[in-house]
Amino acid sequence: MNITVNVNGTAHRADVEPRLLLVDFIRGNLGLTGTHVGCDTTSCGVCTILVDGTPIKSCTVLAVQANGRSITTVEGLKQGGALSPIQAAFKEHHGLQCGFCTPAMMLVGTALIAENPDPSEDEVRWAISGNLCRCTGYINIVKSIKAAAATTREGANA
Amino acid sequence: MYPARFDYVAPETLEEALSLLAERGSEMRILAGGQSLLPMMKTRLAQPDTLVDINRIPGLGGITRANGQILVGALARHNDVIRSDAAKGNHTVASAAPWIADPIVRNLGTMAGSLAHHDPEGDWASVALATGAELTLTSSTGSRTVPATEFLVDMFTTSIRPDEMVTEVRIPAHSSNGGGNYQKLERKVGDYATVGVATSLELGADGKIAGAGIALTSVYPHNLKATEAEAAMVGQSPSPELFAEAGRLAAEACDPAGDTRGSSEYKRHVVDVFTQRGLAESLVIAQGGGS
């Protein structure tokens, strides 16, 4: 089936089998390997991407379902060659160790901040509760997302 | 893991989808959120010949209130239910919604799909049984409304015909003297319930219980309506003793399997405690002490 998917601002056309999973389209067809595969069972959340701004787990969506949609992966976060507020905050606050869950955490954080510019710690923890991290204990991830929210608010007020 | 091969169609109107189902619905599965269906296809427990993706059909995602009912469209996502003002009209629904799956799965998964899938460990089926919900089933020849008690036949089995799809879930709104609650024990966010208990109460003008709903998740081969516990409460004045009796009857009705989430005895005990706790929470709302 022929599909056209906008990924990080670029339209990609492809002829795919209906059973191709969206995560494999992104990694295999497009070579964007920042989106990871962990459990492959909708549990761990490392395959999370944004479809039309909404976080979804791309191991449990078909590539054909994304036909005509706009996708953001971690590769699309950078802003004009510079780190986005959330990327800068993860760097600054040591929001990662091994990095396996990090792309998904940053995308979920980005979507959260877009909807709620000043999330409480509880709201951040709630938002990332579908994403597993086995290194950090989440403390610095929460700190990073809160810091990114603050930077984004300052940017909006500047 | 990969699903077996299948054909995929994405109709853009309801009529088109229904005519596909009329032709060969028994070989098809409807793809709404896909958060239960696709995992089953990946493990090849489900191998439909054709997937009918209804996500391109406009007008199926609404949550509205009409004639004392909350109408939840086939494409309303769990997170839409959480955000909806209309859905707050049923306290059991509002209480259960944040406990469904995890926040990301809730962006895609749907209430109607969850009921149509009828995983015996799903939360919405218990909510539907406790609240007296109905489902609107639509085919190319018309629509019919079926109570959840008749729709939910057995695990992964419903009374839907191959040419029909669930177009709407209709849940009675609570009156100002009504309340509801969902208690769920889970090992981690996104896990199946170890035990879930849905409760719903309506009080009469005399303060006595005019209507009671109790349904249990994950403690029986399918979602279980605790009818004896419900019947024991109707016409009675609410009290901790009455709720203790309801808890005892609900625990007696269930038949939990012991597994990694807990022993049978443990789960039965949790049913007892959760039933009492859920009824107490429901009563607080019904008496105007909560929201």
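Residues numbered from 1 in each chain as written. Chains lettered and ligands numbered in written order. Predicted model: local features only at pLDDT ≥ 70, side-chain atom pairs only at ≥ 80, totals over all residues.

Re the overall build of chain A
Along its length, chain A carries five helices and five strands. Reading chain A from its N terminus to its C terminus gives the helix and strand order β-β-α-β-β-β-α-α-α-α. A globule of 158 residues ought to have a C-alpha radius of gyration of about 15 Å, and chain A, at 15 Å, matches this closely. Principal-axis analysis of the C-alpha atoms gives chain A an extent of 45 × 35 × 25 Å. The proportion of buried residues among the 158 residues of chain A is 47%. Once local pairs closer than 6 in sequence are excluded, the contacts in chain A between residues at least 24 apart make up 61%. (Helix = DSSP H or I, 4+ residues; strand = E, 2+ residues; numbered from the N terminus. Rg over C-alpha atoms; globule rule 2.2 N^0.38 Å. Buried ≥ 20, exposed ≤ 12 C-beta atoms within 10 Å, placed from the backbone. Contact = placed C-beta atoms within 7 Å.)

Some points on the nonpolar core
Ranked by size, the top nonpolar core spans 131 residues in total, and within it Ile 54, Leu 115, Ala 250 and Val 271 of chain B carry the most contacts. The element best represented in this core is helix H3 (residues 102-115) of chain A, accounting for eight residues. With residues up to four places along the chain from it excluded, the contact list for Leu 115 of chain B reads Trp 124, Ala 125, Ala 128, Leu 135, Phe 151, Val 166 and Val 169 of chain B. (Core = buried A, V, L, I, M, F, W, Y, C linked by C-beta atoms within 7 Å.)

Regarding the sheet that holds strand E1 (residues 2-7) of chain A
Residues and elements named next belong to chain A. On the basis of which strands lie adjacent, the open sheet formed by five strands has the order E2-E1-E5-E3-E4 and mixed pairing. The open sheet terminates on both sides in strands that have one partner only, identified here as strand E2 (10-15) and strand E4 (54-57). In this sheet, neighbouring strand axes are inclined to one another by 40° on average, regardless of whether the strands run parallel or antiparallel. The strands touched by H3 within the sheet are strand E3 (48-51), E4 and strand E5 (70-72), with E3 carrying the most contacts at an inclination of about 35°. (Pairing = 2+ DSSP bridges. Axes fitted to C-alpha atoms, helices over the stretch in contact; angles between N-to-C directions.)

Regarding the interface of chain B and chain A
Taken together, the contacts link 21 residues of chain B with 21 residues of chain A. Contributing elements (two or more residues each) for the side of chain B that touches chain A: strand E1 (7-9) and helix H2 (37-42) of chain B.

Section: unusual backbone geometry
In this model, Asp 52 of chain A sits at a positive phi of 50°, which is unusual for a non-glycine residue. If you trace the backbone, Asp 52 of chain A turns up in the loop between E3 and E4. What makes Asp 52 of chain A exposed here is the crowd of 12 C-beta atoms within 10 Å. Here Phe 156 of chain B, not a glycine, exhibits a phi torsion of approximately 55°, which is positive. Tracing the sequence through the fold places Phe 156 of chain B in the loop between strand E8 (152-154) and strand E9 (157-158). Residue Phe 156 of chain B is classed as partly exposed on the basis of its 14 C-beta neighbours within 10 Å.

Concerning the confidence of the model for chain B
Residues of chain B with pLDDT of at least 70 account for 99%, and the chain-wide mean is 97. In the predicted complex, the global pTM is 0.96; the interface-specific ipTM is 0.96. (pLDDT = per-residue confidence, 0-100.)

Quick look at the environment of Arg 13 of chain A
Residue placement: Arg 13 of chain A occurs in strand E2. Residue contacts for Arg 13 of chain A: discarding those within four places in its chain leaves Asn 2 and Thr 4 of chain A.

Some details on the sheet that holds strand E13 (residues 209-217) of chain B
Residue and element names in this part refer to chain B. Spatial strand order, E11-E12-E13-E14: four strands in an open sheet with antiparallel pairing. A strand with exactly one partner marks an edge of an open sheet, and here the two such strands are strand E11 (178-185) and strand E14 (224-225). In this sheet, E13 lies alongside strand E12 (residues 195-203) in antiparallel orientation, the contact comprising eight bridges. Residue Val 197 lies in a different strand from E13, and its bridge partner there is Leu 216. Contacts from helix H10 (residues 264-286) reach E11, E12 and E13 within the one sheet, and its direction differs from that of E12 by about 30°.

Overview of the packing of helix H9 (residues 240-253) of chain B against H10 of chain B
Residue and element names in this part refer to chain B. Axis separation between H9 and H10 bottoms out at 8 Å; the angle between their running directions is 145°. Relative to H10, the crossing made by H9 is right-handed. Between H9 and H10, the residues in contact are Phe 243, Ala 244, Ala 246, Gly 247, Arg 248, Ala 250 and Ala 251 and Arg 268, Val 271, Asp 272, Val 273, Thr 275, Gln 276, Leu 279 and Ala 280, respectively. (Left-handed = near helix turned anticlockwise from the far one by under 90°.)

Some remarks on the pairing of strand E6 (residues 134-139) of chain B
All names here are of chain B. Both E6 and strand E7 (residues 142-147) contribute to a ladder of six bridges, which runs antiparallel. Looking at the pairing, Leu 135 lines up with Val 146 of E7. The antiparallel pairing of E6 with E7 creates a hairpin that spans two residues between the two strands. The sheet contact formed by E6 and strand E10 (residues 165-172) spans five bridges and is antiparallel. Residue pairing for E10: Glu 134 is matched across the bridge by Arg 170.

Considering H10 of chain B
Under the 1.5 Å per step criterion, the end-to-end length of H10 of chain B is 32 Å for 23 residues, consistent within 8% with the ideal 33 Å. Where H10 of chain B ends, the next residue or the one after it, Gly 288 of chain B, has phi of about 85°, a positive value. (Expected span 1.5 Å × (residues − 1).)

Some details on H9 of chain B
Residues and elements named next belong to chain B. The end-to-end C-alpha separation of H9 is 20 Å, in line with the 20 Å expected for 14 residues at 1.5 Å each. Regarding H9, the residues found buried are Phe 243, Ala 246, Gly 247, Leu 249, Ala 250 and Ala 251. Of the surrounding elements, those touching the buried residues of H9 are E13, helix H8 (227-233) and H10.

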